[in-house]
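# Structural description and commentary
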Amino acid sequence: MLFPDLIRLTTSSFLAYRMRSFLTGLGIAIGITAVILLTSIGEGLHQFVLAEFSQFGTNLISIQPGKTQTQGGNVGIFGSVKTISIEDAQALRRLPNVEYADPSVSGNAEVRFNGKTRRTMVIGGGHDLPRVMASLVQTGSFLPDEDPTQARALVVLGSKVRQELFAGQNPLGSYLRIGGQRYRVIGVMEAKGQMLGFDLDDTVYIPAARALELFNRPGLMEIHLSYKSGADLQSVLRSITTLLIDRHGREDFTLVPQEKALEVLGSVLDVITFAVGALGGISLLVGGVGILTIMTMAVTERTAEIGLLRALGARESQVLTLFLGEAMLLSALGGLAGLALGVGIAQGLHLFIPALPVHTPWLFAVLAELSAISIGLAAGVMPARRAARLDPVEALRTE
Amino acid sequence: MIQFENVSRSFMVGGQEVAALRDINLSIAAGDYVSIMGPSGSGKSTLLNLIGLLDRPSSGIYKLDGGNVTALNDEQQARVRSEKIGFVFQSFHLVPRLTAAMNIELPLILAGIPVPERRMRVAQLLQNYGLTDRADHRPDQLSGGQRQRVAIARATSMHPSVLLADEPTGNLDQTTGREVINLLEQLTEQNVTLILVTHDPAIGGRAKRQLHMVDGQIVSKTET
Ligand SMILES: Nc1ncnc2c1ncn2[C@@H]1O[C@H](COP(=O)(O)OP(=O)(O)OP(=O)(O)O)[C@@H](O)[C@H]1O
Ligand SMILES: [Mg+2]
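Residues numbered from 1 in each chain as written. Chains lettered and ligands numbered in written order. Predicted model: local features only at pLDDT ≥ 70, side-chain atom pairs only at ≥ 80, totals over all residues. Heavy atoms only, no water.

### Looking at the sheet that holds strand β9 (residues 209-214) of chain B
Residue and element names in this part refer to chain B.
- If you trace the six strands from one edge of the open sheet to the other, you get β6-β7-β8-β3-β9-β10, paired in mixed fashion. What marks the edges here is a single partner per strand, and that holds for β6 (85-89) and β10 (217-223). The sheet shows a mean angle of 15° between the axes of neighbouring strands, direction not considered.
- Note that strand β3 (residues 33-37) and β9 share four bridges and pair parallel. Following the sheet pairing, Ile-36 is matched in β9 by Leu-211.
- Most of the contacts of helix α2 (residues 74-84) go to β6, to which it runs at about 75°, and overall it touches β6 and β7 (162-166). (Pairing = 2+ DSSP bridges. Helix = DSSP H or I, 4+ residues; strand = E, 2+ residues; numbered from the N terminus. Axes fitted to C-alpha atoms, helices over the stretch in contact; angles between N-to-C directions. Contact = heavy atoms within 4.5 Å.)

What follows is the structure in structure tokens.
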């Protein structure tokens, strides 16, 4: 039997039982729709989150105090001995292939101006902080590149702080009080928006040394280091480790390359997408049961036809192929309809709720269609085998 | 050439063995025209099914064109059916959702005959059986006589050497039945072996050889 004939024969029975075929296909279609919709949203979120993180660039290394066994954790906050300092950051900056190494320490503090008080986030950093945050200065300038240990009391405002405290006024040159100390405003940042729950606009930026003093901390929370793109990550990590061990006498710090962190985050998000897709897969199973039912009915109804085919010289395997073909055609068409529906609804959702990111990778579509076909195949096996094994004489006698 | 040597066929019914065919010895030459008659339940259809390789004897040997076909496996038997045997049934057995042309094409499809060859054969058959203008009609749009003509066209599409017809006129009126018999008889002129089961003595009497069956046995053979 030639392949086009197989298609022709299976389509003929598909068309002969239009309504029934439609409903059976619908079962699979709904399953695929659910899978595609859910994974599209999952993948959309995945890409959204990764984009949020990688806007800071991917050749970043975070240096954190304390040695942890697993990446990401940070026990340094509790250890008083294990600290990293502004001097460490300065030393790191002189390493080859390092673009910048910016100290970082943050917390909340009260900011006062002209009788108005606001509790905001205070980030202590260095001259390169805007590059770390991928943000721009709107007016004035950012913290100067000066000896961090002799840092002057200068402050740069987030756009929201500026609005709340200086509505309409030019803040440049004014003096603020942060935690009781006077700071001179030298710049205002452009609006940046939320980042993982932190309002980066409701923030003020002061020199790291000042922030350490303000929060009464012995050491930095983190050093943001950026290496030249094209430089080998491993050798950069090695030179950082050597330098810091040299300075500290032991390895009491943790290096977290952004690349690695993104990888870990990515795989976590993948698992979530997969789990959500599997949830949709349950409805696909229900569709499979529908196909099983319909094909079982079809074999019973068409017993005489099966006997005839055998009399005309059809081998058992040909009868098997024909019925499997029908089951697969049902599920393949249902799957395609589901794909269209799933992508359609996902895009529609995105249109109405632009904040909801959706993305349907080709691979997902192909995998979904393949799983639809495999479900058709699996559901078709039992009825098709029954058809193939019918005794032709018996089959011909039923009418 | 069909040869039956001590062929028996029995069925188990409720734990009891029912003999449908008893010790049949039979030889039918290529191109023979044979009718089988006998009362209901005498084993005519069972005999035909055995000849058509749809069924296997309980004992005995069946040789087709000199080869022992009882020894073949299912797949090999299907091949022999496809290449050498054509069936015509009382109830036509057309596939209701396929057009007349496609019903005729079915054995060719199953045998994997290439499309151009197939088209030619189907067109020729449609013409031979006066069905050209019915080619795209489905069975429920055809008369009984037309349906049986489609069935005969289908049975001959693979150029079988043996044509088995089990009461082919059973569902037709007399005139139409006569026409169908004529069509079948024409085939014997092309050296096709025709084996015809019938209840109608007038039809059965036309065959060169007439077998009468009673209770699973051939009780008389008439040659004309
Ligand atoms: N599958 C079966 N199971 C049990 N008994 C069967 C089976 N097939 C045939 N028989 C029995 O074998 C005998 C012969 O049946 P067969 O169908 O060959 O008769 P027939 O001569 O064709 O009759 P009719 O003229 O009514 O078609 C009958 O007694 C029948 O009951
Ligand atoms: Mg019979």
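Alright, that's what it looks like, and here's the rest.
### Quick notes on the packing of helix α2 (residues 18-54) of chain A against helix α10 (residues 316-352) of chain A
All names here are of chain A.
- Where α2 meets α10, the axes come as close as 6 Å, and the angle between the chain directions of the two elements is 40°. On the basis of their axis angle, the class for α2 and α10 is oblique. Considering the relative orientation of α2 and α10, their crossing is right-handed. (Parallel < 35°, antiparallel > 145°, perpendicular 65-115°, else oblique. Left-handed = near helix turned anticlockwise from the far one by under 90°.)

### Some points on the site of ligand 1
- Ligand 1 sits among 15 residues. The nearest are B:Ser40, B:Gly41, B:Lys44, B:Ser45 and B:Thr46.
- Those chains with residues close to ligand 1 are chains A and B.
- Between ligand 1 and B:Gly41, the relevant distance is 2.8 Å, taken from an oxygen atom to a main-chain nitrogen or oxygen of the residue.
- Between ligand 1 and B:Gly43 there is a distance of 3.0 Å, counted from an oxygen atom to a backbone nitrogen or oxygen.
- Relative to its free-state accessible area of 630 Å², ligand 1 is covered by the protein chains to the extent of 72%. (Near = heavy atom within 4 Å. Polar contact = N/O pair within 3.5 Å; in protein donor to acceptor, adjacent residues only side chain to side chain. Areas by Shrake-Rupley, 256 points an atom, 1.4 Å probe, with all protein chains shown as cover.)

### What to know about the side chain of A:Arg310
- Turning to its location among the elements, A:Arg310 is positioned in helix α9 (residues 303-311).
- For A:Arg310, which is buried and forms no salt bridge, the nearest opposite charge comes from A:Glu316, at a distance of 4.3 Å.
- Only 3.1 Å separates the side chain of A:Arg310 from the backbone oxygen of A:Ala314, close enough to count as a polar contact.
- Sequence-distant contacts of A:Arg310, defined by excluding residues within four places in its chain, comprise A:Arg315, A:Glu316, A:Val319, A:Ala388, A:Leu390, A:Pro392, B:Leu54 and B:Arg81. (Buried < 20%, exposed > 50% of the residue type's maximum accessible area, 1.4 Å probe, protein only. Lys, Arg positive; Asp, Glu negative; His and termini not counted. Salt bridge = Lys/Arg side-chain N within 4 Å of Asp/Glu carboxyl O.)

### Some points on the environment of A:Gly197
- Note on placement: A:Gly197 falls in the loop between β8 (194-195) and β9 (198-199).
- For A:Gly197, a relative accessible area of 63% translates into the label exposed.

### Brief notes about the layout of surface pockets
- The computed volume of the second largest pocket comes to approximately 730 Å³.
- Of all elements in the fold, only α12 (392-397) of chain A together with β2 (16-28), α1 (44-51) and β6 of chain B reach the threshold of two or more residues within the lining of the second largest pocket.
- The element best represented in the lining of the second largest pocket is α1(B), accounting for five residues.
- Here the lining of the second largest pocket is composed, by residue class, of nine nonpolar, 11 polar and six charged. (1 Å grid on protein atoms, 1.4 Å probe; cavity = no way out; pocket = protein on both sides within 12 Å on 5 of 7 lines; lining within 4 Å. Points joined across faces, edges and corners; volume = space filled by probe spheres on them. Nonpolar A, V, L, I, M, F, W, Y, C, P; charged D, E, K, R; others polar.)

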